[in-house]
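Residue strings, one per chain:
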Amino acid sequence: QVQLVESGGGLVQPGGSLRLSCAASGRTGGTMAWFRQAPGKERESVAAISWTGRNTYYAESVKGRFTISRDNAKNTMYLQMNSLRPEDTAVYYCALNPGGSVADPQYKYGYWGQGTQVTVSS
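Residues numbered from 1 in each chain as written. Predicted model: local features only at pLDDT ≥ 70, side-chain atom pairs only at ≥ 80, totals over all residues. Heavy atoms only, no water.

Q: How should the pairing of strand 3 (residues 18–25) be read in this particular structure?
A: Regular strands place side chains that alternate from one sheet face to the opposite one. Note that strand 1 (residues 3–7) and strand 3 share 5 bridges and pair antiparallel. For Gln3, the partnering residue across the bridge sits in strand 3 and is Ser25. Two elements, strand 3 and strand 8 (residues 76–81), share 6 bridges in a ladder whose sense is antiparallel. Within the sheet, the bridge partner assigned to Leu20 lies in strand 8 and is Leu79. (Pairing = 2+ DSSP bridges. Helix = DSSP H or I, 4+ residues; strand = E, 2+ residues; numbered from the N terminus.)

If you want it as C-alpha cells, here you go:
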C-alpha cells in the first residue's frame with residue numbers, strides 16, 4: 001500500500017525559508033500535491049505537480065514564494081517555501097492522486113501523509 005511521510009517542518013521567523021520533503025513508497029505514479037490546514041480553518045490546496053513535473057499548480061497565496069518539485073528516482077516530492085509569513089502557519093500534508101491532474105480537487109487524492117507542522121512566528 002502507498003505510504004507518504006512528510007518531513008522538514010519546524011519553527012521559522014517571518015521572511016525565512018523551509019524545505020518540506022515527502023518520501024513515498026509503494027505505487028506512487030500520478031499527481032502529487034501539498035495541502036495545509038491552519039487551526040480553525042478548512043484544509044486548502046497549496047501546490048500540485050504532475051508525474052513528469054511539466055505541469056504545476058500553485059495557490060495564489062503562495063505564487064512566487066513556494067516551489068514544488070519531485071524526484072521520481074528518489075520517490076520524493078519537495079516544497080521549497082521562501083518569504084514565509086505568519087499566515088503560512090499550518091500542518092502541511094502531502095498527497096497522491098493516481099492518474100490525476102494538477103487541476104483536480106482535493107477529494108481526488110486518495111493517499112495522504114501524516115502531516116508536518118510549520119510555524120511562522122517572531
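Q: Can you walk me through the side chain of Asp88 in this structure?
A: The residue Asp88 is located in the loop between strand 8 and strand 9 (90–97) in this model. A polar atom in the side chain of Asp88 sits 2.8 Å from the backbone nitrogen of Arg85. With residues near it in sequence (within four places) discarded, Asp88 still touches Arg36, Arg65, Phe66, Ser83, Val118 and Val120. (Polar contact = N/O pair within 3.5 Å; in protein donor to acceptor, adjacent residues only side chain to side chain. Contact = heavy atoms within 4.5 Å.)

Q: Would you mind going over the packing of aromatic side chains with me for this structure?
A: Working definition: an aromatic ring pair is given by the centre-to-centre distance plus the angle between the planes. If you walk through the whole model with that rule in mind, you get 3 aromatic pairs. A centroid spacing of 4.9 Å and a plane angle of 45° characterise the contact between Phe35 and Trp112, whose relative ring orientation is tilted. Of this pair, Phe35 sits in strand 4 (residues 31–37) while Trp112 sits in strand 10 (residues 111–112); the two residues are 77 residues apart in sequence, bridging distant segments of the chain. Assessed through its relative accessible area of 2%, Phe35 is described here as buried. Between Tyr93 and Trp112, the ring centres sit 6.5 Å apart and the planes meet at 80°, which makes this aromatic pair edge-to-face. Of this pair, Tyr93 sits in strand 9 while Trp112 sits in strand 10; the two residues are 19 residues apart in sequence, bridging distant segments of the chain. Grouped by ring-pair contacts, the aromatic residues Phe35, Tyr93, Tyr109 and Trp112 constitute a single cluster. When the ring centre of Tyr78 is taken as origin, the NZ or CZ atom of Arg19, which lies over that ring, is 4.0 Å away. It is Arg43 that lies over the ring of Trp112; its NZ or CZ is 4.1 Å from the centre. (Phe/Tyr/Trp six-rings, centres within 6.5 Å; stacked < 30°, edge-to-face > 60°. Buried < 20%, exposed > 50% of the residue type's maximum accessible area, 1.4 Å probe, protein only. Lys NZ or Arg CZ within 6 Å of the ring centre and 35° of its normal.)

Q: How should the nonpolar core be read in this particular structure?
A: Nonpolar side chains tend toward joint burial in soluble globular proteins. By size, the foremost hydrophobic cluster in this structure holds 28 residues, and its most contacted members are Trp34, Leu79, Met81 and Tyr92. Secondary-structure elements contributing two or more residues to this core are strand 3, strand 4, strand 5 (44–49), strand 7 (66–71), strand 8, strand 9 and strand 11 (116–120). Among all residues touching Tyr92, those that are not within four sequence positions of it are Glu6, Leu20, Trp34, Phe35, Arg36, Val46, Phe66, Leu79, Met81, Gly115, Thr116 and Val118. Core analysis: the next-biggest nonpolar cluster, separate from the first, contains 6 residues, Ala33, Ala48, Ala95 and Val102 among them. (Core = buried A, V, L, I, M, F, W, Y, C linked by side-chain atoms within 4.5 Å.)

Q: Before we go on, may I ask you to explain the pattern of salt bridges in this structure?
A: Opposite charge on two side chains makes pairing possible when the charged atoms of those side chains draw close. Counted under the stated rule, the structure contains 5 salt bridges. Across the salt bridge formed by Arg65 and Asp88, the nearest N and O atoms sit 2.8 Å from each other. Residue Arg65 is located in the loop between strand 6 (56–58) and strand 7, and its partner Asp88 is located in the loop between strand 8 and strand 9; the two are separated by 23 residues in the primary sequence. For the pair shown, Arg65 and Asp88 are each scored as buried. (Salt bridge = Lys/Arg side-chain N within 4 Å of Asp/Glu carboxyl O.)

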